[in-house]
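# Coordinate inspection notes
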Amino acid sequence: AVTGLAVRPLVRLTARRGLVRHASASADGGGEQPELRTRSTGLVEDQDALFGGSADGGHDALVQSHGADSLDFVEDPAFVGSSALRCYDAFIHPRSQGGLLAADKSTRARVIANQIVFHVRELRAYRAEWLRNTDAVIAASAPPAHPLTLVLDNMRSAENTGTIFRLAECAGLTEIITCGITPSPPHPALLKTAMGTDQRVRTRHIPSTLDAVAQLQAEGMRVCAAETAGGSASLFKLGAENPAKMGGSQLLSPPLAIILGNELVGVDARVLAKVDGVVHLPTFGQKNSLNVATCASVLVYEILRQWGKLDE
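Here's a quick rundown of the structure. (Residues numbered from 1 in each chain as written. Predicted model: local features only at pLDDT ≥ 70, side-chain atom pairs only at ≥ 80, totals over all residues. Heavy atoms only, no water.)

## Points about the packing of helix H7 (residues 158-171) against helix H11 (residues 292-306)
- Running from N to C, H7 and H11 point in directions that differ by 15 degrees, and their axes come no closer than 9 Å. It follows that H7 is roughly parallel to H11 by the angle criterion. Every pair of crossing elements has a handedness; the one defined by H7 and H11 is right-handed. From H7, Asn160, Thr163, Ile164, Leu167, Cys170 and Ala171 reach across to H11, where they touch Val292, Ala293, Ala296, Ser297, Val300, Tyr301 and Leu304.
- Of the residues that constitute the contact of H7 with H11, the class distribution is 10 nonpolar, three polar and no charged. (Axes fitted to C-alpha atoms, helices over the stretch in contact; angles between N-to-C directions. Helix = DSSP H or I, 4+ residues; strand = E, 2+ residues; numbered from the N terminus. Parallel < 35°, antiparallel > 145°, perpendicular 65-115°, else oblique. Left-handed = near helix turned anticlockwise from the far one by under 90°. Contact = heavy atoms within 4.5 Å. Nonpolar A, V, L, I, M, F, W, Y, C, P; charged D, E, K, R; others polar.)

And the structure:
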């Protein structure tokens, strides 16, 4: 069953943004003038016939005819960058006057509903097949070589995420946890840069990074964030000859989880308040940060070096 397109949610979300041309009285009262306004200023009920596709059937008939139930996919991280979401977004947020005129045609909602339902079913079928194949590959694989987990906190780029999957497979890491809006396999752009390693790395999605931190700490894992925040320690000063002390234990000792943050804003401040420590890579230029996938590579291999794993 597809959980895709509900009756009222379709109208309600359609009413958030986008432009609708309507007539309003001019300032001097001298006649009607066309004016652009947002759909959010209009009444949802007044738009039922427009977006329902028919005056008699309304949204109920529209949705039932396509077998859809709700708009849950809109906020499902699995659909980030998907054809279903792009199709939906193009209808809800027209990018041009021509797009607006097309979206406002009485039959357009019916066409879009049909397209979205198809794309939702297609992606869910593809994901189910990918998960079956991945489970089989991982079940036949050797256990992870190193007790190191990467937590991705609301990263935007599927390409960066795919590169980190490739890193995790090469370095023999335990797993990758994607949080928030971070793309997850089998996102097409992620698979392109992962180069097949997405099916060889254990992964799971936890919507809240705070929940992920709490779960890992409850499992007895030390959790550190990679961030240039106040109180952050240079990774290279945390070697065996000068271990950092945090609560009486070595900060980077295994089992360990490292949190990597959003490309623009880094690790969420609320997450930083809950982790066991914060580390960073020293920089010497005007920029104080590296590409997140590049940073992850340096972090992972330096941690493995400090664990003595690169001598094996």
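Once you've had a look at it, read on.
## Concerning the sheet that holds strand S3 (residues 148-153)
- If you trace the seven strands from one edge of the open sheet to the other, you get S5-S4-S3-S10-S6-S11-S7, paired in parallel fashion. The open sheet is flanked by strand S5 (203-206) and strand S7 (233-234), the only strands paired with a single partner.
- In the packing of H11 onto the sheet, the strands contacted are S3, strand S6 (222-226), strand S10 (256-260) and strand S11 (277-280), and the crossing angle to S10 comes to about 160 degrees. (Pairing = 2+ DSSP bridges.)

## Points about the pairing of S6
- A large share of S6 lies buried, amounting to five of its five residues.
- Of the two faces of S6, the one carrying Arg222, Cys224 and Ala226 and the one carrying Val223 and Ala225 are both buried.
- For S6 and S10, the ladder comprises four bridges, and the chain directions are parallel. In the sheet register, alanine 225 faces S10, and the bridge partner there is isoleucine 259.
- Sheet topology places S6 next to S11; three bridges connect them, and they run parallel. Bridge pairing in S11 links alanine 226 to valine 279. (Buried < 20%, exposed > 50% of the residue type's maximum accessible area, 1.4 Å probe, protein only.)

## A closer look at the nonpolar core
- One finds Leu150, Ile164, Ile258, Leu260 and Leu299 to be the most contacted residues of the largest nonpolar core, which totals 38 residues.
- Contributions of two or more residues to this core are made by S3, H7, helix H8 (188-194), S6, S10 and H11.
- For this core, the element with the highest residue contribution is H11, accounting for eight residues.
- Counting 16 residues, the second-largest nonpolar core is a separate cluster that includes Ala212, Met221, Ile259 and Val267. (Core = buried A, V, L, I, M, F, W, Y, C linked by side-chain atoms within 4.5 Å.)

## So, unusual backbone geometry
- Across the junction of proline 185 and proline 186, the peptide omega takes the value 5 degrees, indicating a cis bond.
- You can see proline 186 is positioned in the loop between strand S4 (175-179) and H8.
- Here the residue pair proline 254 and proline 255 is connected by a cis peptide bond, since its omega of -5 degrees sits within 30 degrees of zero.
- We note that asparagine 154 has phi near 55 degrees; this positive angle belongs to a residue other than glycine.
- For asparagine 154, a relative accessible area of 27% gives the class partly exposed.
- Although it is not a glycine, methionine 195 sits at a positive phi angle of roughly 55 degrees.
- Among the secondary structure elements, methionine 195 is positioned in the loop between H8 and S5.

## Some thoughts on the pattern of salt bridges
- Summed over all chains, the structure comprises three salt bridges.
- Salt-bridge contacts for arginine 204 lead to glutamate 175; the nearest nitrogen and oxygen are separated by 2.9 Å. You can see arginine 204 sitting in strand S5 and its partner glutamate 175 sitting in strand S4, a full 29 residues away along the chain.
- Taking the relative accessible area as the measure of exposure, glutamate 175 reaches 13% and is therefore buried.
- Ionic pairing is found between arginine 270 and aspartate 268, a salt bridge with its closest N-O pair at 3.0 Å. (Salt bridge = Lys/Arg side-chain N within 4 Å of Asp/Glu carboxyl O.)

## Describing helix H9 (residues 209-218)
- Residues of H9 that are buried include every one of Thr209, Ala212, Val213 and Leu216, and no others. In an axial view of H9, the angular spread of the buried residues amounts to 100 degrees, which keeps them on one side of the axis.
- Elements in contact with the buried residues of H9: S3, S4, S5, S6, S10 and helix H10 (269-272).
- Among the residues of H9, the N-terminal cap falls to serine 208, whose side-chain oxygen and the backbone nitrogen of leucine 210 are separated by 3.2 Å. (Arc of directions from axis to C-beta. Polar contact = N/O pair within 3.5 Å; in protein donor to acceptor, adjacent residues only side chain to side chain.)

## Looking at the environment of serine 184
- Residue placement: serine 184 occurs in the loop between S4 and H8.
- Sequence spacing of serine 184 and phenylalanine 79 is 105 residues, and the spatial spacing of their C-alpha atoms is 9.1 Å.
- Leave out the neighbours within four places in its chain, and serine 184 touches Thr178, Leu190 and His205.
- A polar atom in the side chain of serine 184 sits 3.1 Å from the side chain of threonine 178.

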